[in-house]
Amino acid sequence: MIEIERKFLVTSLDFKQEAFKKARIIQGFLNTHKERTVRVRIKADNGFITVKGQSMEDGLSRFEWEKEIPKDEAEALLKLCEPGVIDKIRYEIKVGKHTFEVDEFYGDNEGLIIAEVELESENETFLKPNWIGGEVTGNIKYYNSQLSKNPYNTW
């Protein structure tokens, strides 16, 4: 239940031609405490509830637990969330043996595009596609829980 991932800014829209899957995601946060977040998400026609722990100092890993829930329950829980809904389209792109998830944000975060890659270990190597820019792993202002409170259009 430990998630290890690295995050990067995206420098071009080339990833869209490489994507094998995409889905719209609407999500809100029931709790955005720095030691834990509780997220409610609707991805396509599925609902999810996720609990994430505090990130390690380097930002590479943290506890994550997720459970699929009925979409109507996720819709009801979204009404209880803190202000600031995240609206994005997630693209999945295979690069070598890894899958990058690229989030193109809308609403108050429009213009922001972030790529994430999940790893088996913190030292695992991976291929970087040409549309990857600067690394933002561990920079909390790029966490979705923070983007819901301090959106990209206010930076």
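As a reminder, the structure under discussion sits directly above these lines.
Residues numbered from 1 in each chain as written. Predicted model: local features only at pLDDT ≥ 70, side-chain atom pairs only at ≥ 80, totals over all residues. Heavy atoms only, no water.

1. Topic: the side chain of Ser-145
Then comes step 1: On the secondary structure map, Ser-145 appears in helix H3 (residues 144–147).
Then comes step 2: Each residue touching Ser-145, except ones within four places of it in the same chain, is listed here: Phe-29, Thr-32 and Thr-37. (Helix = DSSP H or I, 4+ residues; strand = E, 2+ residues; numbered from the N terminus. Contact = heavy atoms within 4.5 Å.)

2. Considerations on the nonpolar core
Then comes step 1: In this structure, Val-10, Phe-15, Ile-93, Phe-100, Val-102, Ala-115 and Trp-131 are the most contacted members of the largest nonpolar core, which totals 17 residues.
Then comes step 2: Secondary-structure elements contributing two or more residues to this core are strand S1 (2–10), strand S6 (86–95), strand S7 (98–105) and strand S8 (113–118).
Then comes step 3: For Val-102, the residues in contact, after removing those within four places along its chain, are Val-10, Phe-15, Ile-89, Arg-90, Tyr-91, Ile-93, Ile-113, Ile-114, Ala-115 and Trp-131. (Core = buried A, V, L, I, M, F, W, Y, C linked by side-chain atoms within 4.5 Å. Buried < 20%, exposed > 50% of the residue type's maximum accessible area, 1.4 Å probe, protein only.)

3. Quick word on unusual backbone geometry
Then comes step 1: In the Ramachandran plot, Ala-44 falls in the positive-phi region, its phi being about 55° despite a non-glycine side chain.
Then comes step 2: By secondary structure assignment, the location of Ala-44 is in the loop between strand S3 (36–43) and strand S4 (46–53).
Then comes step 3: For Ala-44, a relative accessible area of 47% corresponds to the partly exposed category.

4. A look at the pattern of salt bridges
Then comes step 1: Taken as a whole and judged by the stated rule, the model has 15 salt bridges.
Then comes step 2: The closest approach of N and O atoms between Glu-116 and Lys-7, which form a salt bridge, is 3.5 Å. Placement of the pair is Glu-116 in strand S8 and Lys-7 in strand S1, with a sequence separation of 109 residues.
Then comes step 3: Its relative accessible area of 10% is what places Glu-116 among the buried residues.
Then comes step 4: With a closest N to O distance of 3.5 Å, Lys-71 and Asp-45 form a salt bridge. Here Lys-71, found in helix H2 (residues 71–78), pairs with Asp-45, found in the loop between S3 and S4; they are 26 residues apart in sequence, far enough to count as distant.
Then comes step 5: Each of Glu-3, Lys-52, Arg-62 and Glu-64 takes part in one network of salt bridges that share partners. (Salt bridge = Lys/Arg side-chain N within 4 Å of Asp/Glu carboxyl O.)

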